[in-house]
Amino acid sequence: MPDASNPLGEYVRARRELVTPEQVGIPVIGVRRVPGLRREEVAMLAGISADYYLRLEQGRDRNPSVQVLESIARVLLLDADATAHLLLLGADRPRRHRTRPRPRQEAVPPGIAKLVATLPLPALVEGRYFDVLAANSLATALSPRFTAGANRLRSLFLDPAEQALYPYWEGAAGGMVAGFRESVGTDTDDPRFIELVGELSLASPLFSRLWARHDVLACEAAPKYIDHPQVGGLRLNRERLSIDGAAGQTLVVYHPDPGTDSADRLALLASAAQTPAAGAGSV
């Protein structure tokens, strides 16, 4: 189950364990009993005291400056997305005596639902926890799991049929988990998040390992390779567009390069999918 009591400390500890001494120029002498860097090594390289870094990692100091966090990010070799996540965690002040919020209901704006249904390309709407909130018939033809009510993470980690669509599904899984962490940010007290991460951590050893790494990656446009059981291999560009007025919701559209085999195969799939169906909906 996720523990939101010390997110900043958990993050820097997880990332510290992934950096080798050789990567930061520290000579290795003898046997090291800890993975990655030691706390005092991070402190030394970041120019802060070992005691202060220890308090930061243990959650006993929750008010680090931006300069300190940026120094730690440099030592931990964090890229721009991971550094932004670290700064976000450092800016998140503890909120005492709060009650657990009720689950948030995500509803697709009516205009977006109509747009998704009429697009001639596979299109769907994702919520901030990667729930599928709406999908058109061509998206469902691309993957039966692309349907309102499904969850992208649960499908990829728990459904062998979904895994079979991706030739290198474990690599895709790593990117999805990193994108999920970036999407959630510090909003980890929502019951929907707690339930989903808890379920996947227990049911999927791979998810548990990937989640423990604390990788962060912004979900951006990228090519996707799908081995479709009906039409064969598809190389599709994936575009992700934020939806105005619907915080956390994203319009996802897949499209092939014109004149390619993938364009022909997607057209064939679209022809087969031309049957009356409720292609879009909201939850």
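Bear in mind the structure is a predicted one, so any value in this text is a computation, not a measurement. (Residues numbered from 1 in each chain as written. Predicted model: local features only at pLDDT ≥ 70, side-chain atom pairs only at ≥ 80, totals over all residues. Heavy atoms only, no water.)

Colleague: Could you give an account of the overall build of the protein, naming the residues involved and the relevant values?
Modeller: Along its length, the protein carries 13 helices and 5 strands. Counting only C-alpha atoms and orienting by the principal axes, one finds that the protein spans roughly 65 × 45 × 30 Å. Each of the 283 residues in the protein was classed as buried or not, and the buried ones make up 46%. The contacts of the protein with a sequence gap of at least 6 include a subset with a gap of at least 24, amounting to 58%. Carbon and sulfur atoms make up 54% of the accessible area of the protein, which totals about 14,400 Å². With 32 positive and 33 negative side-chain charges, the protein shows a spacing of 5 Å between the two charge centroids. (Helix = DSSP H or I, 4+ residues; strand = E, 2+ residues; numbered from the N terminus. Buried < 20%, exposed > 50% of the residue type's maximum accessible area, 1.4 Å probe, protein only. Contact = heavy atoms within 4.5 Å. Areas by Shrake-Rupley, 256 points an atom, 1.4 Å probe, with all protein chains shown as cover. Lys, Arg positive; Asp, Glu negative; His and termini not counted. Charge placed at Lys NZ, Arg CZ, Asp CG, Glu CD.)

Colleague: Tell me about unusual backbone geometry, residues and numbers included.
Modeller: Positive phi, close to 60°, is recorded for leucine 77, a residue that is not glycine. Positionally, leucine 77 belongs in the loop between helix H4 (66-75) and helix H5 (80-91). For histidine 214, which is not glycine, the phi dihedral falls at a positive 60°. Looking at histidine 214, the relative accessible area reads 11%, which means it is buried.

Colleague: Outline the pairing of strand S5 (residues 250-255), listing residues and values.
Modeller: For S5, the buried fraction is high: 5 of the 6 residues fall into the buried class. Examined bridge by bridge, strand S4 (residues 232-242) and S5 share 6 bridges and lie antiparallel to one another. Bridging across to S5, leucine 241 finds its partner in leucine 251. (Pairing = 2+ DSSP bridges.)

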